[in-house]
Amino acid sequence: MLGKEGRLFVLGYALAAIYEGPVANLRHNLNEVIASLGCTVELQINNTRAAWRISTAPLRAVFKDLLSSKDSLKAETQNISSSFEDLDTQVNSEAGYTPEDAVDSEETAQGAETYRAAASRHHLSTQKMYELKTKLRCSYVVNRAVLSCRRWFDQKHKHCMQRIWVPLLNHLLCLPMKFKFFCSIAKVMEVWCRSRIPVEGNFGQTYESLNKSIHGLSGEFSATIDLKQEKQAGILGLNTSWEHVSTEVRDYVRRQEAQLEWALGLLHVLLSCTFLLVLRASFSYVDSYNGDIRFDNIYISTYFCQIDERRKKLGKRTLLPFRKAEEKTLIFPFKPAIQASEMRNVIRELVETLPVLLLLVVLCGLDWALYSIFDTIRHHSFLEYSFRSSHKLEVKVGGDSMLARLLRKTIGALNTSSETVVESNNLPCLPQPVSLDARAYLRVALPIGLLVCLCLLQAFGYRLRRVIAAFYFPKREKKRILFLYNDLLRKRAAFTQLRRAAILRRARQQRTPRHRLVDILHRRCPFLRRWLRRRCVVCQAPERPESYVCPTPDCGAVYCRSCWDDMRQRCPVCTPREELSSSAYSDSNDDATYAE
């Protein structure tokens, strides 16, 4: 439970804390940014739409007023049409010169016949026709005046004859009543009428245009407003709205979140089964403990010390204290420090923990960076939209005529005035990022810290495995300790030959000339000499003043004082192999190793 199997539990909690902390906060902040972008685009669209509606409101109001005044316009046009009927009747009338109205005027009848013949042979314009009618009417009036004058003379002569009954006298006195030739003086007016006819030169053209306008007004007044909205795609072949894109982005984020949730759930299920790995590792250790006598047999226990003490009393060869080269392959359970055999495994476990630690650092750094960016955007991206529209149009139509009233009904609808002020801001659309507080960082850092601590405590926890196995299998433990003691005695006897290959390799490395820069740093930087000094070719201890340097030319191997004594004061580098020791033991690959 204190080893790598037990760390899987802590790893599960660490991953869950990372997901609930920086990952969840990143997801929340990204969702806020997506929502902010969508809200900003919608706000721009709404502001543009509002500005367009406000700008076109006066024009739409004019059209609405025209449509609402449809009935009144129709009534006005009917009044104008009925008023024009009198003028039209007058222009088209043949009264004042027809033979029926002037049966007593032979000249008027002849003029009317002349008018009918001219109108039937040639299509006269309205101007010519009305001038001809006016002349005929003028002649008709003059003729009627002459006729009336003659009738008056006849009536007066008749009355005179009735009053004066004396014959011959009455004819003499009533003779002036026979002077009807004075009535022909009215013919002078006919000459003036023909030369100066009171008809304007553009009367016919004005009448025709007015007649067409009146007949056009008699039609039904109607108007409709058609609006057409065109949508243009931002990308060729793509015609999607921002709402659709925003919905797709949100759906994609939700699908990714669902997949991540599913993966985390699966991971939790797998981590909940890690107790099986603990049981498997426990049974595997017990089997190896009982089956392989070299397995994890590197601990210097109390019984080991008792055996050495007993041999010391009997005057036999002992092992304690160990040589420096031997101590690197053994573990002393009661030492509180992590020893060389354990350090390699601890470093490997710490390296395996680095990805999780780097993941935590990267996610926390990314979360902090994104929060800083989004918070800066929120504080420095506030915008206030202000739209002001002022419109005033005044059209004055004077007069009381029907045409003036009609113009006031139509053109007068343009008399509109408006003043609009629209103000808005993007405060609801600004992102609202959330930062992790100290408690959240603590919740994430605690499992990672516990994971690192377990890597360091693994060395001490693994020492307990042998103790527990020895408690249940004491006889097996005694055999293992006896085997370890005897194996170390054999290696001690052949120590020089067993270590000779490593010593030769290190001595060749020492004979290699150092770089000039290294020599300069060694001379001028005293604080670096600790790392630049040569080391013992046996135990790799740094060179000290009491260290021994082989005086043989082209050798110069460095030995610490204790290792030089262990080598029986003979340099294995420059001494032949057969002279080092008579022991028949050679190096073995079956040394006891640390159980991981």
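As the structure is a computational prediction, the values presented were derived from the model and not from experiment.

## Focus on the overall build of the protein
- For the protein, the count of helices and strands is 20 helices and four strands.
- Across the 596 residues of the protein, 32% fall into the buried class.
- The long-range share in the protein, meaning contacts at least 24 apart out of those at least 6 apart in sequence, stands at 77%.
- With an accessible surface of roughly 38900 Å², the protein has 59% of that area assigned to carbon and sulfur atoms.

## Digging into a positive patch on the surface
- Residues Lys324, Lys328, Arg533, Arg535 and Arg544 make up a contiguous surface patch of positive charge.
- Tracing the chain through its elements places Arg544 in the loop between helix H18 (529-532) and strand E3 (548-549).
- Overall, the relative accessible area of 52% leaves Arg544 in the exposed class.

## Quick word on the packing of aromatic side chains
- Tallied over the entire structure, the rule returns eight aromatic pairs.
- Taking the centre distance of 6.0 Å and the plane angle of 65° together, the rings of Phe322 and Phe332 count as edge-to-face. One end of the pair, Phe322, is in the loop between helix H10 (302-313) and helix H11 (324-327); the other, Phe332, is in the loop between H11 and helix H12 (340-380), with ten residues separating them in the sequence.
- What makes Phe322 buried here is its relative accessible area of 9%.
- One aromatic cluster in this structure is built from Tyr285, Tyr289, Phe295 and Phe473.
- Sitting over the ring of Phe332, Lys335 keeps its end group 4.6 Å from the ring centre.
- The aromatic ring of Tyr462 is capped on one face by Arg465, whose charged end is 3.7 Å from the ring centroid.

## Examining the nonpolar core
- Membership of the largest hydrophobic core comes to 19 residues, with the highest contact counts inside it found for Ile503, Val537, Val538, Ala557, Tyr559, Cys571 and Val573.
- Every element with two or more residues in this core is listed here: helix H16 (495-511) and helix H19 (561-566).
- Ranked by residue count, the leading element in this core is H16, at three residues.
- In this structure, Cys571 is in contact with Cys550, Cys555, Ala557, Tyr559 and Trp564, ignoring residues within four places of it in sequence.
- Ile300, Leu319, Phe322 and Leu330 belong to the second-largest nonpolar core, a separate cluster that totals twelve residues.

## Focus: the UniProt feature "transmembrane region" (unreviewed entry) in the protein
- In this numbering, the UniProt entry assigns the feature "transmembrane region" (unreviewed entry) to residues 262-279, 353-374 and 440-462.
- In residues 262-279, helix accounts for 89% and strand for 0%; the two terminal C-alpha atoms are 28 Å from one another.
- From the first C-alpha to the last, residues 353-374 spans 32 Å; its make-up is 100% helix and 0% strand.

About the criteria used
- Residues numbered from 1 in each chain as written.
- Predicted model: local features only at pLDDT ≥ 70, side-chain atom pairs only at ≥ 80, totals over all residues.
- Heavy atoms only, no water.
- Helix = DSSP H or I, 4+ residues; strand = E, 2+ residues; numbered from the N terminus.
- Buried < 20%, exposed > 50% of the residue type's maximum accessible area, 1.4 Å probe, protein only.
- Contact = heavy atoms within 4.5 Å.
- Areas by Shrake-Rupley, 256 points an atom, 1.4 Å probe, with all protein chains shown as cover.
- Patch = residues over 30% accessible without salt bridge, like charges linked within 9 Å, V, L, I, M, F, W, Y side chains within 5 Å.
- Salt bridge = Lys/Arg side-chain N within 4 Å of Asp/Glu carboxyl O.
- Lys, Arg positive; Asp, Glu negative; His and termini not counted.
- Charge placed at Lys NZ, Arg CZ, Asp CG, Glu CD.
- Phe/Tyr/Trp six-rings, centres within 6.5 Å; stacked < 30°, edge-to-face > 60°.
- Lys NZ or Arg CZ within 6 Å of the ring centre and 35° of its normal.
- Core = buried A, V, L, I, M, F, W, Y, C linked by side-chain atoms within 4.5 Å.
- UniProt positions renumbered as here; feature names shortened; annotations may be inferred.

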